[in-house]
Amino acid sequence: MSDSSFSPRTAAVERTTAETDVSITLGLDGDGTYDIDTGVGFFDHMLRLFAKHGGLDLAVECDGDLEVDDHHTVEDVAIGLGRALSDALGDKAHIARYGHAYVPMDDALARAVVDLSGRSYCHLEASFERERVGDFSTELVEHVWRSVADHARCNLHLTVLHGHNAHHKIEALFKAAARALRGAVRRRADHAEVASTKGTLA
């Protein structure tokens, strides 16, 4: 069985609260097509490059309470993205399970390692000299990935190994995470049906 013999993996997630209205569609076996509008420009930029470098077809729309700040919008989109990843992965049959990537961005170098284990854990090592990049609060970087890991039920270890420019460091992190995930979700017929001696990744 070749990769092309597998059925496409997709998911759609809606999340509505008193603070946000989020709609996400995700295809794991795409070509990096995206349509992103969260109202937070820098976050939109990060999600677009996440889709492109992850080979994901991703559509995100969020109407959030940006008159308060960017927190609720970013948080709820990240929750929805994690849920969409979990839903699209299904029983995780034939996936590689593990992925890792190093990505440079000028002065910055980031590393991402992921295990689609069915258990959530996030470790982030990064510091940012600025409180904001554009309209995005840099303190939310950790919140994004912790929310994704919690709701995708995966292990995610992210490190900025060095760098000075906050934009570059955040962008390198998103690209590294995307490329690590791209490797982890890849299916091959010669992979074990489920890559675990337990017989399940749940």
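Use the structure listed above.
Residues numbered from 1 in each chain as written. Predicted model: local features only at pLDDT ≥ 70, side-chain atom pairs only at ≥ 80, totals over all residues. Heavy atoms only, no water.

## Focus: the overall build of the protein
- The helix and strand tally for the protein stands at four helices and ten strands.
- Taken over the C-alpha trace, the protein has a radius of gyration of 16 Å; the compact-globule value for 202 residues is 17 Å, and the two agree within 12%.
- Taking the principal axes of its C-alpha atoms as reference, the protein extends roughly 50 × 40 × 30 Å.
- Counting the 202 residues in the protein, one finds 52% classified as buried.
- For the protein, the share of sequence-separated contacts (at least 6 apart) that also reach a separation of at least 24 residues comes to 77%. (Helix = DSSP H or I, 4+ residues; strand = E, 2+ residues; numbered from the N terminus. Rg over C-alpha atoms; globule rule 2.2 N^0.38 Å. Buried < 20%, exposed > 50% of the residue type's maximum accessible area, 1.4 Å probe, protein only. Contact = heavy atoms within 4.5 Å.)

## Side note on the sheet that holds strand S5 (residues 98–105)
- The mixed open sheet is built from four strands, whose spatial order is S5-S6-S10-S7. Here the strands that pair on one side only, and so sit at the sheet edges, are S5 and strand S7 (121–125). Between one strand and the next, the sheet's axes are offset by a mean angle of 10°, whatever the strand orientation.
- Judged from the eight bridges that link them, S5 and strand S6 (residues 108–115) form a sheet pairing that is antiparallel. Opposite Tyr98, over in S6, you have Asp115 as the bridge partner.
- Each of S5, S6, S7 and strand S10 (155–162) touches helix H4 (residues 166–185); the most contacted strand, S5, lies at about 150° to it. (Pairing = 2+ DSSP bridges. Axes fitted to C-alpha atoms, helices over the stretch in contact; angles between N-to-C directions.)

## Remarks on the state of the cysteines
- This model, assessed by the stated rule, comprises zero disulfides.
- Cysteine Cys154 shares no disulfide, and the gap to the nearest cysteine sulfur, in Cys122, comes to 8.1 Å. (Disulfide = S-S within 2.5 Å.)

## Points about the packing of helix H2 (residues 71–89) against helix H3 (residues 140–152)
- The N-to-C vectors of H2 and H3 enclose an angle of 30°; their axes lie 7 Å apart at closest approach. Taken together, the axes of H2 and H3 lie roughly parallel to each other. The hand of the H2/H3 crossing is right-handed. On H3, the residues that touch His71, Val74, Glu75, Ala78, Ile79, Leu81, Gly82, Arg83, Leu85 and Ser86 of H2 are Leu140, His143, Val144, Ser147, Val148, His151 and Ala152.
- Split into classes, the residues belonging to the contact of H2 with H3 amount to nine nonpolar, six polar and two charged. (Parallel < 35°, antiparallel > 145°, perpendicular 65-115°, else oblique. Left-handed = near helix turned anticlockwise from the far one by under 90°. Nonpolar A, V, L, I, M, F, W, Y, C, P; charged D, E, K, R; others polar.)

## With respect to the layout of surface pockets
- Volume-wise, the largest pocket comes out at about 240 Å³.
- For the lining of the largest pocket, the per-class residue count stands at three nonpolar, three polar and six charged. (1 Å grid on protein atoms, 1.4 Å probe; cavity = no way out; pocket = protein on both sides within 12 Å on 5 of 7 lines; lining within 4 Å. Points joined across faces, edges and corners; volume = space filled by probe spheres on them.)

## Thoughts on the nonpolar core
- In this structure, Phe43, Phe50, Leu116, Phe136, Trp145, Ile170 and Phe174 are the most contacted members of the largest nonpolar core, which totals 63 residues.
- For this core, the element with the highest residue contribution is H4, accounting for twelve residues.
- If we skip the residues at most four places from it in the chain, Phe174 touches Phe43, Met46, Leu49, Phe50, Val144 and Trp145. (Core = buried A, V, L, I, M, F, W, Y, C linked by side-chain atoms within 4.5 Å.)

## Section: the pairing of strand S1 (residues 10–16)
- Side chains of S1 alternate between two faces, with Ala11, Val13 and Arg15 buried and Thr10, Ala12, Glu14 and Thr16 left unburied.
- Here seven bridges tie S1 to strand S2 (residues 20–27), and the two strands are oriented antiparallel to one another. Opposite Glu14, over in S2, you have Ser23 as the bridge partner.
- Once S1 ends, the chain turns through three residues before running back antiparallel as S2.

## Details of a negative patch on the surface
- A surface patch of like charges, here negative, comprises Glu14, Asp21, Asp35, Asp37, Glu61 and Asp63.
- With respect to the element layout, Asp35 can be found in strand S3 (residues 34–37). (Patch = residues over 30% accessible without salt bridge, like charges linked within 9 Å, V, L, I, M, F, W, Y side chains within 5 Å. Areas by Shrake-Rupley, 256 points an atom, 1.4 Å probe, with all protein chains shown as cover. Salt bridge = Lys/Arg side-chain N within 4 Å of Asp/Glu carboxyl O. Lys, Arg positive; Asp, Glu negative; His and termini not counted. Charge placed at Lys NZ, Arg CZ, Asp CG, Glu CD.)

## Regarding the packing of helix H1 (residues 41–54) against H4
- Their axes nearest at 8 Å, the elements H1 and H4 cross at an angle of 35°. Crossing angle aside, the handedness with which H1 passes H4 is right-handed. Side by side, H1 and H4 meet where Phe42, Phe43, His45, Met46, Leu49, Phe50, Lys52, His53 and Gly54 of the first sit next to His167, Ile170, Glu171, Phe174, Lys175, Ala177, Ala178, Arg179, Leu181 and Arg182 of the second.
- Within the contact of H1 with H4, the residues separate by chemical class into ten nonpolar, four polar and five charged.

Geometric descriptors of this kind do not, in isolation, establish any biological role.
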